[in-house]
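Each chain, letter by letter, is given below.
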Amino acid sequence: SGVLHPIVLQPYLGTWSNGADHYKKWRKHWFTPPPIPDWAKQVHSWQQIHINSPVDDLLCQYKDLIKYGEDCAKHGITAIQLTGWTIGGQDRGNPSHDIEPRLGTWENLRDAIASIQDMGVRVILFNKYTWADMAHEQFRRKYVSYAAKDPYGDYYTVAGFGYQTPASLAEIDTRRIVPMCMSSPEYRTTATSEFRKSLDLGVDGLLYDECHHHGENYRYCFDHDHGHHVPSNMFS
């Protein structure tokens, strides 16, 4: 047995949007919008640059990003969203946010970002902490202990994403992914350390991809070793 939280009923007339007005008034009592830089408040154009995929499309070296920055500055594009910059490429090796040595050095990427910013173009790095790449050796060694579990003690799995190659579209070499438990304090600490790797590069912002996408109906974690109430809602 337990005690439920109080429930408030508020009638309204009209469509659902009239009902939503009650929630908006309630939210004003407790929600403080986070600070937003002025440049992000304006209507502007971003260009997403994809420099590596899970199947090793090494499309651009870090140092060559400066050329993209020059084109953006010339044509009025005010921000670059850089995708696939981490080791293994987009949706591979998650949640690691180490650089990809085959694209250059950490210094190459940092210096390219600084050069692009000097042109008046912002740089936003693609980040992802929701998943762990099940095919990566670090999953068995480290991240499996943070995986969200079902009531039977098994971790959830998601099919992953097939991209442009015949093998991936045929589900042959697709990277299977495992939802991480966001209710685990240890995992949040680990994710924070990965987050800092982007900050250290001096970027203007981070795009947290699929922050609320844990797979089909995977909403609760039942792992008793994560230090949370069982079950715990993974969106809490």
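So, here is what we can say about the structure in this document.

Definitions and limits used
Residues numbered from 1 in each chain as written. Predicted model: local features only at pLDDT ≥ 70, side-chain atom pairs only at ≥ 80, totals over all residues. Heavy atoms only, no water. Buried < 20%, exposed > 50% of the residue type's maximum accessible area, 1.4 Å probe, protein only. Helix = DSSP H or I, 4+ residues; strand = E, 2+ residues; numbered from the N terminus. Pairing = 2+ DSSP bridges. Right-handed = clockwise from strand over helix to strand, strands pointing away. Salt bridge = Lys/Arg side-chain N within 4 Å of Asp/Glu carboxyl O. Patch = residues over 30% accessible without salt bridge, like charges linked within 9 Å, V, L, I, M, F, W, Y side chains within 5 Å. Areas by Shrake-Rupley, 256 points an atom, 1.4 Å probe, with all protein chains shown as cover.

With respect to the pairing of strand 3 (residues 122–127)
Counting buried residues in strand 3 gives five out of six residues, a clear majority hidden from the surface. The pairing of strand 2 (residues 79–83) with strand 3 spans four bridges and is classified as parallel. Looking across to strand 3, one finds that glutamine 81 is bridged to isoleucine 124. Between the parallel pair strand 2 and strand 3, the chain is carried across by helix 4 (residues 106–118), and the sense of this crossover is right-handed.

Concerning the pattern of salt bridges
Under the definition given, this model contains 17 salt bridges. The partner of lysine 24 in a salt bridge is aspartate 21, and the shortest N-O contact between them spans 3.2 Å. Here lysine 24 and its partner aspartate 21 are both found in helix 1 (residues 16–28), three residues apart, which amounts to about one turn of the helix. On the basis of relative accessible area, aspartate 21 is assigned to the partly exposed category, the value being 32%. The residue arginine 92 makes a salt bridge to aspartate 56 at a minimum N-O spacing of 3.2 Å.

A short note on a nonpolar patch on the surface
There is a patch of nonpolar side chains on the surface, built from Tyr23, Trp26, Trp30 and Phe31 and spanning about 520 Å² of accessible area. In this fold, tryptophan 26 is placed in helix 1.

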